[in-house]
Amino acid sequence: MKIKRPEYYFKIPKSEIAKDILIILLVAGIVTIAATSPFFLVNLLKGFKRFKKYPRRKVYDTFYRLKQQGFIDFYKEGGQIYFLLTKKGKKKTSWMQINDLKIKKTEKWDGKWRILMFDIAELKKLYREAFRGKLKSMGFVILQKSVWIIPYDCTKEIEMLKSFFGLSNKEIRLITVKDIGEEKDLKKFFKLD
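Computed from a predicted structure; not experimentally measured. (Residues numbered from 1 in each chain as written. Predicted model: local features only at pLDDT ≥ 70, side-chain atom pairs only at ≥ 80, totals over all residues. Heavy atoms only, no water.)

Undergrad: Hey, could you go over the packing of helix H4 (residues 87-100) against helix H6 (residues 155-165) for me, with residue numbers and the actual values?
TA: The N-to-C vectors of H4 and H6 enclose an angle of 145°; their axes lie 11 Å apart at closest approach. Along this stretch, H4 crosses H6, giving a crossing that reads as left-handed. Facing Ser94, Trp95, Gln97 and Ile98 of H4, the residues of H6 in contact are Met160, Leu161 and Phe164. Of the residues belonging to the contact of H4 with H6, the class tally is five nonpolar, two polar and no charged. (Axes fitted to C-alpha atoms, helices over the stretch in contact; angles between N-to-C directions. Helix = DSSP H or I, 4+ residues; strand = E, 2+ residues; numbered from the N terminus. Left-handed = near helix turned anticlockwise from the far one by under 90°. Contact = heavy atoms within 4.5 Å. Nonpolar A, V, L, I, M, F, W, Y, C, P; charged D, E, K, R; others polar.)

Set out below in structure tokens:
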């Protein structure tokens, strides 16, 4: 019996070049490069300082490999080459963004706790497990069953996770509070004060 991978699961590219290309296309939407043939690669490298750290040939080869895998598409029109993410490429970059998602720790704690409560249906068990794993990797600590806590602002990160997993406001709730009662152990764990 073949097990179908959930829609959100994609192998993360091993190549940093591929990752850079996909993220740039995600942010920019579409990228154009002058298609003046032997200088195509030079134009590409000039346009993105991020690629200067890689060997030219590897950057060029990575673009074509991503095209063959169906993650990017490009076409030539009027002396320009246009690069864009395919639907498959957008899914892959979404997963990469979620995989790299971290909560920024502040130097000075603002005295507020962020409590995340969720109730994700049994039908979405895979999503629920992936969501829990991501919370743990981001630094959240379990307070009670399906109730997690962290002392840092994480509103944007939680919104990204909610959107990525297709979860509603009824399934996930983020609350910011000053008083949670006994907090000595949590302060010690998070190295606060």
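Next comes the rest of the account.
Undergrad: Go over the pairing of strand E4 (residues 113-118), please, and point to the residues and values.
TA: Taking burial as the measure, the six residues of E4 include five buried ones, the bulk of the element. Across six bridges, E4 lies against strand E7 (residues 172-177) in antiparallel orientation. Residue pairing in the sheet places Arg114 in a bridge with Thr176 of E7. Relative to strand E6 (residues 147-150), E4 runs antiparallel, the two being bridged by four bridges. Across the sheet, the residue bridging to Arg114 is Ile150, located in E6. (Buried < 20%, exposed > 50% of the residue type's maximum accessible area, 1.4 Å probe, protein only. Pairing = 2+ DSSP bridges.)

Undergrad: Describe in detail the packing of aromatic side chains, supporting the description with residues and values.
TA: Throughout the structure, instances matching the rule amount to eight aromatic pairs. With a centroid separation of 6.0 Å and 85° between ring planes, the pair formed by Phe131 and Phe165 is classed as edge-to-face. Remark: Phe165 occurs in helix H6 and Phe131 occurs in helix H5 (residues 125-137); sequence separation between them is 34 residues. The two residues Phe131 and Phe165 agree in class, both being buried. (Phe/Tyr/Trp six-rings, centres within 6.5 Å; stacked < 30°, edge-to-face > 60°.)

Undergrad: Could you give an account of the sheet that holds E7, naming the residues involved and the relevant values?
TA: Pairing within the open sheet is antiparallel, and its four strands lie in the order E5-E6-E4-E7. Looking at which strands have only one partner, the edges of the open sheet turn out to be strand E5 (141-144) and E7. Ignoring which end each strand starts from, the neighbouring axes of this sheet average 30° apart. Taken strand by strand, H5 contacts E4, E6 and E7, and its axis lies near 165° from that of E4.

Undergrad: Got a sec to walk through the pattern of salt bridges? Specific residues and values, please.
TA: Per the counting criterion, the structure on display carries six salt bridges. Asp73 is the partner of Lys67 in a salt bridge, and the nearest nitrogen-oxygen pair spans 2.8 Å. Relative accessible area serves as the criterion here: at 33%, Lys67 is assigned to the partly exposed category. Residues Arg132 and Glu129 are paired through a salt bridge, measuring 2.9 Å at the closest nitrogen-oxygen approach. Of the two residues, Arg132 and Glu129 both sit in helix H5, three residues apart, roughly one turn of that helix. (Salt bridge = Lys/Arg side-chain N within 4 Å of Asp/Glu carboxyl O.)

Undergrad: Got a sec to walk through the nonpolar core? Specific residues and values, please.
TA: In terms of nonpolar packing, the biggest core is built from 29 residues, with Phe131, Leu135, Phe140 and Leu161 touching the most fellow members. Listed by contribution, the elements that provide at least two residues to this core are H4, E4, H5, E6, H6 and helix H7 (184-190). In this structure, Leu161 is in contact with Ile98, Leu101, Phe131, Lys134, Leu135 and Met138, ignoring residues within four places of it in sequence. Listed in part, the 16 residues of the second largest apolar core include Leu25, Val59, Phe71 and Phe83. (Core = buried A, V, L, I, M, F, W, Y, C linked by side-chain atoms within 4.5 Å.)

Undergrad: Describe the environment of Leu22, with residues and values.
TA: Of note, Leu22 is situated in helix H1 (residues 16-28). Placed 62 residues apart in sequence, Leu22 and Leu84 show a C-alpha to C-alpha distance of 9.0 Å.

Undergrad: Break down unusual backbone geometry for me, with residues and values.
TA: One non-glycine residue, Ser146, lies in the positive phi region at around 60°. Tracing the sequence through the fold places Ser146 in the loop between E5 and E6. The backbone phi angle of Lys191 is positive, close to 60°, even though this residue is not glycine.

Undergrad: Can you lay out H6 for me, pointing to particular residues and giving the numbers?
TA: Those residues of H6 not exposed but buried are Glu157, Ile158, Leu161, Lys162 and Phe165. With its buried residues spanning 135° around the axis, H6 presents them on a single face. Those residues of H6 that are exposed and aimed more than 90 degrees away from the buried face are Lys156 and Ser163. In the core, the buried residues of H6 are packed alongside H4, E4, H5 and E7. Gly166, located one to two residues past H6, shows a positive phi value of around 65°. (Arc of directions from axis to C-beta.)

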